Amino acid sequence: MATSATTQSDTITNGQIGQIQDRLATKLREASPPMQEVQIVLSAPGGKVFDEMVAVFVRFVEAVANMIVRIVCPNRALAPREMLRATGRDLYVNDEVVAGMPHGEGDKSEVMFFKPEPWEYTRPGWMSDDDLDKAYDRRGLKATDPYSQAQANKDDPVFADEKPNGTHWKDKDGKWCFAAFDGWNGKRNVNVRRSDCDWNGTWWFAGL
């Protein structure tokens with residue numbers, strides 16, 4: 001079953017506010033802005049600068065608020081194509097890209113599925129791979145290896161029916177490649193290819 005990474009009924013604690021203040025103080029000391037200009041900003045009516053600082057922080061919090069967690073045990077001993085076939089899905093793949101897929105590490109993975117917030121997209125409803133990397137970074141994640149993602153979709157084949165999901169990586173030539181699990185015409189499939197277009201707004205993404 002899917003589990004949420006957050007509890008909606010909980011709100012920020014005094015301890016967390018203290019941590020934010022401490023980290024902000026450290027960063028401000030590192031930045032060392034000039035004293036006179038700082039005082040001008042502090043003296044400005046309305047506290048707009050602090051409203052904007054809080055708004056930025058809240059946007060980062062919202063970005064991680066609706067992640068879905070899956071614990072998986074991928075079989076990394078399988079050859080890449082064998083691993084994809086083991087999902088039971090129709091394969092639409094580029095053999096060269098499949099051969100170069102990252103295998104990942106470890107007997108167990110905690111895969112975090114998320115859907116980017118509207119403001120994160122490159123343009124309305126579309127996201128480039130470069131901006132997707134930024135979305136991962138905001139959540140403290142890296143793109144999951146295809147083995148872990150495939151295992152999550154093998155364990156729960158219905159998941160991608162409701163939440164088509166992808167991951168990406170760069171090949172040896174620095175080109176973006178992807179693995180994407182979804183359904184088409186009533187059949188479940190997996191696509192593994194080089195990326196030649198942006199992701200549309202229906203996709204969820206898998207991270208570690």
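Remember, predicted model here, so these are calculated numbers, not experimental data.

1. What to know about the packing of aromatic side chains
Move 1: Tallied over the entire structure, the rule returns six aromatic pairs.
Move 2: Geometrically, the ring pair formed by Trp199 and Trp203 is edge-to-face, given 5.5 Å between the ring centres and 75° between the ring planes. For the pair shown, Trp199 and Trp203 are each scored as buried.
Move 3: Here a set of aromatic residues connected by ring pairs shows up, and it is made of Phe114, Tyr136, Phe178, Trp199, Trp203 and Phe205.
Move 4: The ring of Phe159 has Arg70 sitting right over it, with the charged end atom 4.6 Å from the ring centre.
Move 5: Looking at Lys163, its charged tip hangs above the ring of Trp204, at a distance of 5.3 Å from the centre.

2. A short note on the confidence of the model for the protein
Move 1: For the protein, mean pLDDT is 89; residues scoring 70 or higher make up 91% of the total.
Move 2: Mean pLDDT values over the elements of the protein span from 48, in strand β1 (residues 3–4), up to 98, in strand β6 (residues 165–170).

3. Focus: unusual backbone geometry
Move 1: One non-glycine residue, Ser32, lies in positive phi territory at about 50°.
Move 2: Mapping Ser32 onto the fold places it in the loop between α1 (14–31) and α2 (35–43).
Move 3: When its relative accessible area of 53% is taken as the criterion, Ser32 is described as exposed.
Move 4: Here Asn185, not a glycine, exhibits a phi torsion of approximately 55°, which is positive.
Move 5: Structurally, the position occupied by Asn185 is in the loop between β7 (176–184) and β8 (187–194).

How each quantity is defined
- Residues numbered from 1 in each chain as written.
- Predicted model: local features only at pLDDT ≥ 70, side-chain atom pairs only at ≥ 80, totals over all residues.
- Heavy atoms only, no water.
- Phe/Tyr/Trp six-rings, centres within 6.5 Å; stacked < 30°, edge-to-face > 60°.
- Buried < 20%, exposed > 50% of the residue type's maximum accessible area, 1.4 Å probe, protein only.
- Lys NZ or Arg CZ within 6 Å of the ring centre and 35° of its normal.
- pLDDT = per-residue confidence, 0-100.
- Helix = DSSP H or I, 4+ residues; strand = E, 2+ residues; numbered from the N terminus.

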